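# Remarks on the overall topology
Next come the chains, spelled out residue by residue.
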Amino acid sequence: MHEAAQENPFPDSRVLGEGPRPHPWLDPVLPLLGRWQGEGRGEYATLEQGFRYRQEITFSHDGRPFLCYEARAWLIDESGAAVRPSGRESGWWRVTPDATLEVLLAHPTGIVETYVGRAAGAECEMETEGVARTPLAKEVTGTRRHYAVRDGDLTVTQFMAAVGQPMQRHLTARLRAVPTL
């Protein structure tokens, strides 16, 4: 008895021979797809001194008009060695036909943010539409983010209004694309 050949459920694959073709609405954010790693610096008015961190961000898709997003960070010392885990967040970036972004991010610290923004060229700008938090979560009243891909680097800049402080720069990182195997 001969086995029937199985059809590839993802015939238009572009990544490692597997996975669906990106939805056309994702065209403005295609430069973000993949895994990124690098380092950054953080500061805030309530901190005595700034800090360094290592960050990894992954953007993926399943063929529908949104990106799956995950970011992890570790505080690092002056030599670049990891000291401890730091920020972590995951969520979804929905892209509309006119390149509007609607973003939902959840943090394990009890904060959920919704953003609205735009994608243009290799840049995405967004600002919180709302922030929800659990009773024990830090008071965050708003955030703004900028993502830009230039010359193979992803630059991420985040501003935050929290714990009675006005909106101000909080995090800036430069990441490089991690080659796929």
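Bear in mind that the values here come from a model prediction, so they are computed numbers and not experimental data. (Residues numbered from 1 in each chain as written. Predicted model: local features only at pLDDT ≥ 70, side-chain atom pairs only at ≥ 80, totals over all residues. Heavy atoms only, no water.)

Let us now look at the overall build of the chain. Of the regular secondary structure elements, the chain holds 0 helices and 10 strands. Each helix (α) and strand (β) of the chain, taken in turn from the N terminus, gives the series β-β-β-β-β-β-β-β-β-β. Across the 181 residues in the chain, those meeting the buried criterion constitute 39%. Partitioning the intrachain contacts of the chain with sequence separation of at least 6 by distance along the chain shows that 39% fall at a separation of at least 24. By element, 53% of the accessible surface of the chain is carried by carbon and sulfur atoms, the whole surface being about 10800 Å². (Helix = DSSP H or I, 4+ residues; strand = E, 2+ residues; numbered from the N terminus. Buried < 20%, exposed > 50% of the residue type's maximum accessible area, 1.4 Å probe, protein only. Contact = heavy atoms within 4.5 Å. Areas by Shrake-Rupley, 256 points an atom, 1.4 Å probe, with all protein chains shown as cover.)

In this section: the nonpolar core. Val29, Leu32, Phe59, Trp93, Leu101, Tyr147 and Leu154 are the most contacted members of the largest nonpolar core, which totals 27 residues. Broken down by element, the residue count for this core peaks at 4 residues, all from strand E3 (residues 66-76). Not counting chain neighbours up to four residues away, the residues in contact with Val29 comprise Leu67, Val95, Leu101, Ala119 and Cys124. Among the nonpolar cores identified, the runner-up in size contains 6 residues, and Tyr44, Ile111, Val140 and Ala162 belong to it. (Core = buried A, V, L, I, M, F, W, Y, C linked by side-chain atoms within 4.5 Å.)

Here we come to the pairing of strand E7 (residues 123-133). Moving residue by residue along a regular strand, the side chains alternate between the two faces of the sheet. One ladder, built from 10 bridges, connects strand E6 (residues 111-120) with E7; its direction is antiparallel. What sits directly across from Ala119, in E7, is Cys124. The antiparallel hairpin formed by E6 and E7 contains 2 residues in its connecting segment, where Gly121 sits at a positive phi of about 60 degrees. Where E7 and strand E8 (residues 140-150) come together, 5 bridges link them in antiparallel fashion. Each residue of the ladder has a partner; that of Cys124, found in E8, is Tyr147. The hairpin formed by E7 and E8 contains 6 residues between the paired strands. (Pairing = 2+ DSSP bridges.)

Below, the discussion takes up the pattern of salt bridges. A full pass over the atoms with the stated rule returns 13 salt bridges. In this structure, Glu70 engages Arg88 in a salt bridge whose closest nitrogen and oxygen atoms are separated by 2.8 Å. Residue Glu70 is found in strand E3, and its partner Arg88 is found in strand E4 (residues 82-95); the two are separated by 18 residues along the sequence. Look at Arg88 and you get partly exposed, because its relative accessible area is 41%. For Arg145, the salt bridge goes to Glu113, with nearest N and O atoms at 3.6 Å. Separated by 32 residues along the polypeptide, Arg145 in strand E8 and Glu113 in strand E6 bring together distant segments of the chain. The pair Arg145 / Glu113 is uniform in exposure class, with both members buried. It is possible to trace a salt-bridge network through shared partners that takes in Arg35, Glu56 and Arg72. (Salt bridge = Lys/Arg side-chain N within 4 Å of Asp/Glu carboxyl O.)

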